[in-house]
Amino acid sequence: MREVIIRNEQDTRRFGMELAGQLKPGDIIALIGDLGTGKTALTRYIAEGLGVKETITSPTFTIVKEYRSGRLPLFHFDVYRIQSSEELFQTGAEEYFDAGGVCVIEWADQIAEILPDDTRCIFLEYGEKEGERIYRCTF
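Conventions and cut-offs
Residues numbered from 1 in each chain as written. Predicted model: local features only at pLDDT ≥ 70, side-chain atom pairs only at ≥ 80, totals over all residues. Heavy atoms only, no water. Disulfide = S-S within 2.5 Å. Buried < 20%, exposed > 50% of the residue type's maximum accessible area, 1.4 Å probe, protein only. Helix = DSSP H or I, 4+ residues; strand = E, 2+ residues; numbered from the N terminus. Pairing = 2+ DSSP bridges. Axes fitted to C-alpha atoms, helices over the stretch in contact; angles between N-to-C directions. Contact = heavy atoms within 4.5 Å. Expected span 1.5 Å × (residues − 1). Arc of directions from axis to C-beta. Salt bridge = Lys/Arg side-chain N within 4 Å of Asp/Glu carboxyl O. Parallel < 35°, antiparallel > 145°, perpendicular 65-115°, else oblique. Left-handed = near helix turned anticlockwise from the far one by under 90°. Nonpolar A, V, L, I, M, F, W, Y, C, P; charged D, E, K, R; others polar.

Any details on the state of the cysteines? Residues and values, ideally.
Taken as a whole and assessed by the stated rule, the structure comprises zero disulfides. Cys103 takes part in no disulfide bond, and the closest cysteine sulfur to it belongs to Cys121, at a distance of 13 Å. Judged by its relative accessible area of 16%, Cys121 falls in the buried class.

Below, the structure is given as structure tokens:
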């Protein structure tokens, strides 16, 4: 597992932009971390790297938001309120996995059993210093 130390907002932006440059249709990014570890902030920078023009906000109450202005569609999920993978299936969300875009899923550990094997997981953790984060990446 690769570990990346994020010291500030600029590091978060750099990481998100670089990751976005590697993404292709069908890629799934699973973000796993406690409240306040920066899942939505990282998603904003991935979106920026994809060329998304809309403002990225957390889809906590809608489960998924679609952004189609970038080089690839971005489907931003927040499954915090989902009780099971079955509940997610009932929303039709699995159709996004094959829709030719990039899926970024916050709280992805809640639905881990339905994620494809090639999902790119990022575990976001608090670092030792103020504002510091540690990203543990499976890719």
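Please provide a residue-by-residue account of the pairing of strand β2 (residues 28-33), values included.
Taking burial as the measure, the six residues of β2 include six buried ones, the bulk of the element. Every second residue of β2 is oriented toward a common face, with Ile28, Ala30 and Ile32 on one face and Ile29, Leu31 and Gly33 on the other, all of them buried. Pairing of β2 with strand β5 (residues 102-106) involves four bridges; the strand directions are parallel. In the sheet register, Leu31 faces β5, and the bridge partner there is Glu106.

Before we move on, can you summarise the sheet that holds strand β7 (residues 133-137) with the specific residues and values?
Spatially, seven strands are ordered β1-β7-β6-β2-β5-β4-β3 in an open sheet, and the strand pairing comes out mixed. Looking along the sheet, the strands with just one partner apiece sit at the ends: β1 (2-6) and β3 (64-67). Averaged over all neighbouring strand pairs, the angle between strand axes comes to 20°, with direction disregarded. Across five bridges, the pairing between strand β6 (residues 120-126) and β7 is antiparallel. Bridging from a neighbouring strand, Leu124 pairs with Tyr135 of β7. Contacting β1, β2, β6 and β7, helix α1 (residues 9-22) crosses the sheet at an angle of about 140° to β1. Across the sheet, helix α2 (residues 39-50) lies against β2, β4 (74-78), β5, β6 and β7, angled at about 170° from β5, the strand it touches most.

Any chance you could break down α1 for me, citing the residues and the numbers?
Here α1 is 14 residues long and its end C-alpha atoms lie 20 Å apart, about the 20 Å a rise of 1.5 Å per residue gives. For α1, the full list of buried residues reads Asp11, Thr12, Phe15, Gly16, Leu19 and Ala20. All buried residues of α1 project into a common sector of 165° when viewed along the axis, lining one side. Away from its buried face by more than 90 degrees, α1 exposes Gln10 and Gly21. Buried residues along α1 sit against β1, β2, α2, β6 and β7.

Tell me about the pattern of salt bridges, residues and numbers included.
Tallying each qualifying case throughout the model produces seven salt bridges. Measuring nitrogen to oxygen at the nearest pair gives 2.8 Å for the salt bridge that ties Asp11 to Arg14. Taken together, the residues Asp11 and Arg14, both in helix α1 and three residues apart, mark about one turn of the helix. Residue classification places Arg14 among the partly exposed positions, given a relative accessible area of 46%. Salt bridges here are not isolated pairs; linked through shared partners, they connect Glu3, Glu125 and Arg136.

Can you tell me about unusual backbone geometry, naming the residues and giving the values?
The residue Ile63 is not glycine, and still its phi comes out positive at about 75°. Note that Ile63 resides in the loop between α2 and β3.

Describe the packing of α1 against α2, listing the residues and the values that go with them.
The geometry of α1 relative to α2 is characterised by a closest axis approach of 7 Å and an angle of 50° between their N-to-C directions. Classified by the angle between their axes, α1 and α2 sit oblique to one another. Like other packed secondary-structure pairs, α1 and α2 cross with a definite hand, here right-handed. Side by side, α1 and α2 meet where Glu9, Thr12, Arg13, Phe15, Gly16, Met17, Leu19 and Ala20 of the first sit next to Ala41, Leu42, Tyr45, Ile46, Glu48, Gly49 and Leu50 of the second. Residue composition of the contact of α1 with α2, by class: nine nonpolar, three polar and three charged.

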